[in-house]
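The residues making up each chain are set out below.
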Amino acid sequence: MTPERAAILISGRGSNMVAILERARDAGWLGAIALVASNRPEAPGLARAAALGVPTDVLDHRPFGRARRAEFDAALADRLQQAGARWVVLAGFMRILGPAFLTPFEGRVLNIHPSLLPAFPGLHTHERALEAGAARHGCTVHLVDTSLDGGPVLAQADVPVLGDDDADSLAARVLEQEHRLYPAVVESAVFGRLHTEFPPRPQAAAPEPA
Ligand code: GRF
């Protein structure tokens, strides 16, 4: 089957994006990546995408300001559609997208979040997992809707929280799992296998014995 085309959105270093591009290259579907786009011209991930031969684009959100947020969303959706993208893969994209973006791509926007949702939506997830004394932590790939990190869960990977962890060591252990999980889910999406391989609501990890 010919894969459907996907755009990847980044704001920063783009390590998940690189993991996806490398998987796509190694498995022979890199041509399905229509575009890597960033809202920040200085995002280091843009050069990493270009080095892998993937087209890049920038739509800076700053000139739009708060008042024209929906205009930014519509302009971004338009760019991705022009590039032929059917799927949108958020990979460290630090903007909340509203209906002007989500409606044209409904059910086709993926995100990876560094916690075992529904635990710890939002920012600083590793610090919060440590503060809460969580025994396990991890990452979640989910569909994006208008709720903050609240769309249907597609897949999760978990890691133990160790006694001597700080936020950095925990983040690194989770990131390893992100790089394993996200490319596999994106591959399933573009090949039309998402719902058969990834049930919408997997069971949460079993609690540790007391
Ligand atoms: C990752 O921790 C991801 O879970 C979160 O943002 C971070 C992006 O990192 N959504 P990178 O840019 O992919 O390295």
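Residues numbered from 1 in each chain as written. Predicted model: local features only at pLDDT ≥ 70, side-chain atom pairs only at ≥ 80, totals over all residues. Heavy atoms only, no water.

With respect to the overall build of the protein
Link 1 in the chain: Across its full length, the protein carries seven helices and seven strands.
Link 2 in the chain: Start at the N end of the protein and walk to the C end: the helices and strands fall as β-α-β-α-β-α-β-α-β-α-β-β-α-α.
Link 3 in the chain: Relative to a compact globule of 210 residues, whose C-alpha radius of gyration would be 17 Å, the protein shows 17 Å and is just as compact.
Link 4 in the chain: Projected onto the principal axes, the alpha-carbon positions of the protein cover approximately 55 × 45 × 30 Å.
Link 5 in the chain: Per-residue burial over the protein gives 47% buried out of 210 residues.
Link 6 in the chain: Of the contacts made within the protein by residues no fewer than 6 positions apart, 61% connect residues no fewer than 24 positions apart.
Link 7 in the chain: Here the protein has roughly 10,100 Å² of accessible surface; of this, 54% comes from carbon and sulfur atoms. (Helix = DSSP H or I, 4+ residues; strand = E, 2+ residues; numbered from the N terminus. Rg over C-alpha atoms; globule rule 2.2 N^0.38 Å. Buried < 20%, exposed > 50% of the residue type's maximum accessible area, 1.4 Å probe, protein only. Contact = heavy atoms within 4.5 Å. Areas by Shrake-Rupley, 256 points an atom, 1.4 Å probe, with all protein chains shown as cover.)

Observations regarding the pattern of salt bridges
Link 1 in the chain: Counting across every chain of the model gives twelve salt bridges.
Link 2 in the chain: Among the salt bridges present, the one from R25 reaches D26, with a minimum N-O distance of 3.0 Å.
Link 3 in the chain: The exposure class of R25 is partly exposed, given its relative accessible area of 40%.
Link 4 in the chain: For D26, a relative accessible area of 59% corresponds to the exposed category.
Link 5 in the chain: One connected set of salt bridges, linked through shared partners, spans R40, E42, D60 and R62. (Salt bridge = Lys/Arg side-chain N within 4 Å of Asp/Glu carboxyl O.)

Some remarks on the environment of M94
Link 1 in the chain: Inspection of the secondary structure puts M94 in the loop between β4 (87-90) and α4 (99-102).
Link 2 in the chain: Linking M94 and P121, residues 27 residues apart in sequence, is a C-alpha distance of 14 Å.
Link 3 in the chain: If near-sequence neighbours (up to four positions away) are discounted, M94 is found in contact with S11 and L123.

Notes on the confidence of the model for the protein
Link 1 in the chain: Taken residue by residue, the protein gives an average pLDDT of 93. The fraction at 70 or more is 93%.
Link 2 in the chain: Scored below 50 in pLDDT, residues 196-203 makes 16 contacts in the model with residues more than four places away or belonging to other chains. (pLDDT = per-residue confidence, 0-100.)

Things to note about the sheet that holds strand β7 (residues 153-160)
Link 1 in the chain: Read across the open sheet, the seven strands follow the order β3-β2-β1-β4-β5-β6-β7; overall the sheet is mixed. The strands lining the two open edges of the sheet, one partner per strand, are β3 (56-58) and β7. When the angles between neighbouring strand axes are averaged without regard to direction, this sheet yields 20°.
Link 2 in the chain: Across three bridges, β4 lies against strand β5 (residues 109-113) in parallel orientation. Residue pairing for β5: V89 is matched across the bridge by L110.
Link 3 in the chain: Contacts from helix α1 (residues 15-27) reach β1 (6-10), β2 (33-38), β4 and β5, with the element oriented near 155° to β1. (Pairing = 2+ DSSP bridges. Axes fitted to C-alpha atoms, helices over the stretch in contact; angles between N-to-C directions.)

A word on the environment of S38
Link 1 in the chain: Locating S38 in the fold gives a position in strand β2.
Link 2 in the chain: Taking C-alpha positions, S38 is 7.6 Å from F93, a pair spaced 55 residues apart along the chain.
Link 3 in the chain: Leave out the neighbours within four places in its chain, and S38 touches I10, S11, A43, L46, D57, V58 and L59.

Overview of helix α3 (residues 69-82)
Link 1 in the chain: With 14 residues, α3 should cover 20 Å at 1.5 Å per step; its first-to-last C-alpha distance of 20 Å lies within 8% of that length.
Link 2 in the chain: F72, D73, L76, A77 and L80 are the residues of α3 that are buried. What you see down the axis of α3 is that its buried residues fit within an arc of 130°, all on one side.
Link 3 in the chain: The elements touched by buried residues of α3 are β1, β2, β4 and α4.
Link 4 in the chain: Following α3 by one or two positions, G84 has its phi on the positive side, about 90°. (Expected span 1.5 Å × (residues − 1). Arc of directions from axis to C-beta.)

A short note on the site of the ligand
Link 1 in the chain: Surveying the vicinity of the ligand reveals the residues R13, G14, S15, N16, G92, I112, H113, P114 and E178.
Link 2 in the chain: Take G14: an N or O atom from its main chain is 2.9 Å from an oxygen atom of the ligand.
Link 3 in the chain: In the environment of the ligand, an oxygen atom lies 2.8 Å from a nitrogen or oxygen atom belonging to the backbone of N16.
Link 4 in the chain: Protein chains bury 85% of the 360 Å² of accessible surface belonging to the ligand in isolation.
Link 5 in the chain: For the shell around the ligand, the secondary structure elements donating two or more residues are α1 and β5. (Near = heavy atom within 4 Å. Polar contact = N/O pair within 3.5 Å; in protein donor to acceptor, adjacent residues only side chain to side chain.)

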